[in-house]
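Now for the letters of each chain:
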Amino acid sequence: MKKVLLIGSGAREHVMTEALVKGGAEVYVLGPAKNPGIADLASAYEIASVTDLEAIRKYALEVGPDFAVLGPEAPIAAGVADMLLANEIHCASPLQTVGRLESSKSFTRDLLAKYKIEGNPAFKVFFDEEGLSEFFKELGDDYVVKADGLMGGKGVKVSGDHLIGIEEGVAYAKECLEEGNRVVIEEKLIGEEFSLMSFCDGTHTVEMPAAQDHKRAYEGDEGPNTGGMGSYGDADGSLPFLKAEDIEAAAEITRKVAKALFEETGVLFKGVMYGGFMATASGVKLIEYNARFGDPEAMNVLPLLKSNFVEVCEAIIAGNLGELEWESKATVCKYLVPEGYPGNSVKGEKIEVGEIPEGVKVYYGSVDQREDGLYLSGSRAIAFVGIADTLEEAEKLAQSAVGSVSGPVFYRKDIGTAELISKRVETMKKLRG
Ligand code: AMP
Ligand code: GLY
């Protein structure tokens, strides 16, 4: 039996554990909290921070895994794959150098520009204030400011959303420069966002089904940004507002970026290249890359993977990734979150989960299993994924499961509904003219 070390303990890591176990592996998990879903599946479980290199090294040497996989972005950015490789443990996740695809927004924009890869909006990276106001004037009212470098949690601000007018943009950009050492200013893209994740062994990329996440906390895309409240994907591996050529354009960007990454750094990217794309009036544009599975998007795609996930990870490491098989099913994922999430979550309150219908998968996130039941631990708590032949059925399944939970929680009823999806389709129709 293959032994796999998995780093992380959220719902994304729950579905990853499930796929590894289904592939015949014994999974050894290290994460900051005891996830009851992962604990049920794992062979052993170590509680530690996902960026504690020394704790991870000790546990990895004790376990002696065939390979490791990193769930979240933090251990990738902290160089956990590099540390493991130095201890002769290979990872189906990227080394720090190529992990900059996610951890540095300017690195990725510059890479696309240097290798003439389509998909960048107009952008400039600033190290000081010189020319800053002029560039804002060039962009006008539609701009995005992205803190770069080590900014301690501060991030992207979009005009019209978080910032109004050029003056506020300039002021925030200056703040970013004071706190970090650089800031990316770019054109605000108008359209519909979608996630296209690809497995990458350094030279080959293989796309997964597309999904669309919902960042805003409340129905109708209102309220604060969250880690993602839920996501859906259609049975054909695409989304109702996309054309086949949109998926192909996004996949092509990822293929070229994988190649450029190697030319630029001399290091092969191994793992998941998760492109956040925007379908716009002038084609597919890149918003950003992540160097890992999306959370929740992992829960839309991994349950549909018919190929063996353990073998996929081994192929990523060996560099011989080939075609993969997927089930043609629609999926709708709805996250149950504590009242007050994201800014002011209730914690330590008990919840009761009702009847889970057939066709629904349940993935635990930030919940604590005590003797008398499940308690909220403050972040996204449980993901319910409906899987069916159509989006309509998948949405109904997810809805009936998430709606069965009682306690101080909420979720977005509108995710995956015909009403919200037809709005997205209309938006794209109008934009495309
Ligand atoms: P984050 O995931 O925190 O980096 O936030 C990124 C979000 O900001 C994306 O999901 C988009 O909604 C938005 N965003 C980033 N860049 C752009 C852009 N150039 N145009 C429009 N929206 C953007
Ligand atoms: N779906 C958002 C993220 O994983 O970053």
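Before reading on, note that the structure itself is shown above.
Residues numbered from 1 in each chain as written. Chains lettered and ligands numbered in written order. Predicted model: local features only at pLDDT ≥ 70, side-chain atom pairs only at ≥ 80, totals over all residues. Heavy atoms only, no water.

A. Here's a closer look at the pattern of salt bridges. Taken as a whole and judged by the stated rule, the model has 31 salt bridges. Measuring nitrogen to oxygen at the nearest pair gives 2.9 Å for the salt bridge that ties Arg57 to Glu54. One end of the pair is Arg57 and the other is Glu54, both in helix α3 (residues 53-63) and three residues apart, which spans about a single turn. With a relative accessible area of 29%, Arg57 lands in the partly exposed category. Note that Lys174 and Glu129 form a salt bridge whose closest N and O atoms lie 3.8 Å from each other. (Salt bridge = Lys/Arg side-chain N within 4 Å of Asp/Glu carboxyl O. Helix = DSSP H or I, 4+ residues; strand = E, 2+ residues; numbered from the N terminus. Buried < 20%, exposed > 50% of the residue type's maximum accessible area, 1.4 Å probe, protein only.)

B. Geometry of the side chain of Glu297. Relative to the helices and strands, Glu297 is located in helix α11 (residues 297-301). One buried charged residue, Glu297, remains without a salt bridge, the closest side chain of opposite sign being Arg292 at 6.5 Å. Here the side chain of Glu297 touches Tyr274 through a polar contact of 2.7 Å, side chain to side chain. Every residue in contact with Glu297, bar those within four places of it in the chain, is listed here: Ser195, Met197, Ala211, Asp213, Ser231 and Tyr274. (Lys, Arg positive; Asp, Glu negative; His and termini not counted. Polar contact = N/O pair within 3.5 Å; in protein donor to acceptor, adjacent residues only side chain to side chain. Contact = heavy atoms within 4.5 Å.)

C. Structural view of the site of ligand 1. Around ligand 1 lies a shell of 14 residues, among which Glu186, Glu187, Leu189, Glu193 and Glu288 are the nearest. One nitrogen or oxygen atom from the side chain of Lys146 is found 3.0 Å from a nitrogen atom belonging to ligand 1. Across the complex, the protein chains shield 79% of the 500 Å² of accessible surface that ligand 1 would expose by itself. Elements with a minimum of two residues in the shell around ligand 1: β6 (143-148), β7 (156-158), β8 (182-187) and β16 (283-290). Class assignment for the residues of the shell around ligand 1 results in six nonpolar, no polar and eight charged. (Near = heavy atom within 4 Å. Areas by Shrake-Rupley, 256 points an atom, 1.4 Å probe, with all protein chains shown as cover. Nonpolar A, V, L, I, M, F, W, Y, C, P; charged D, E, K, R; others polar.)

D. Focus on the site of ligand 2. Within the structure, ligand 2 sits among Asp213, Gly227, Tyr274, Asn290, Arg292, Gly294, Asp295, Pro296 and Glu297. At 2.8 Å, a side-chain N or O of Asp213 approaches a nitrogen atom of ligand 2. At 3.0 Å from an oxygen atom of ligand 2 is found a main-chain nitrogen or oxygen belonging to Asp295. Here ligand 2 loses 88% of its free accessible area of 200 Å² to cover by the protein chains. Its residues assigned to classes, the shell around ligand 2 shows two nonpolar, three polar and four charged.

E. Highlighting the sheet that holds β7. Taken together, the four strands give an open sheet; going across it, the order is β5-β8-β6-β7, and neighbouring strands pair in antiparallel fashion. Edge positions in the sheet fall to β5 (123-126) and β7, since each has one partner strand and no second. Strand-to-strand twist of the sheet, defined as the mean angle between neighbouring strand axes without regard to direction, takes the value 15 degrees. Bridging between β6 and β7 involves three bridges; their strand directions are antiparallel. Note on β7: the bridge partner recorded for Val145 is Lys157. Across the face of the sheet, helix α8 (residues 132-139) comes into contact with β5, β6 and β8 while running at roughly 20 degrees to β8. (Pairing = 2+ DSSP bridges. Axes fitted to C-alpha atoms, helices over the stretch in contact; angles between N-to-C directions.)

F. Looking closely at the packing of α8 against helix α9 (residues 165-179). Viewed as axis vectors pointing N to C, α8 and α9 meet at an angle of 140 degrees, and their least axial separation amounts to 10 Å. Classified by the interaxial angle, the pair formed by α8 and α9 is oblique. Considering how the two elements wind past one another, α8 and α9 form a crossing that is right-handed. Note on element contacts: α9 touches α8 through Ile166, Gly169, Val170, Ala173, Lys174 and Leu177, opposite Leu132, Ser133, Phe136 and Lys137. (Parallel < 35°, antiparallel > 145°, perpendicular 65-115°, else oblique. Left-handed = near helix turned anticlockwise from the far one by under 90°.)

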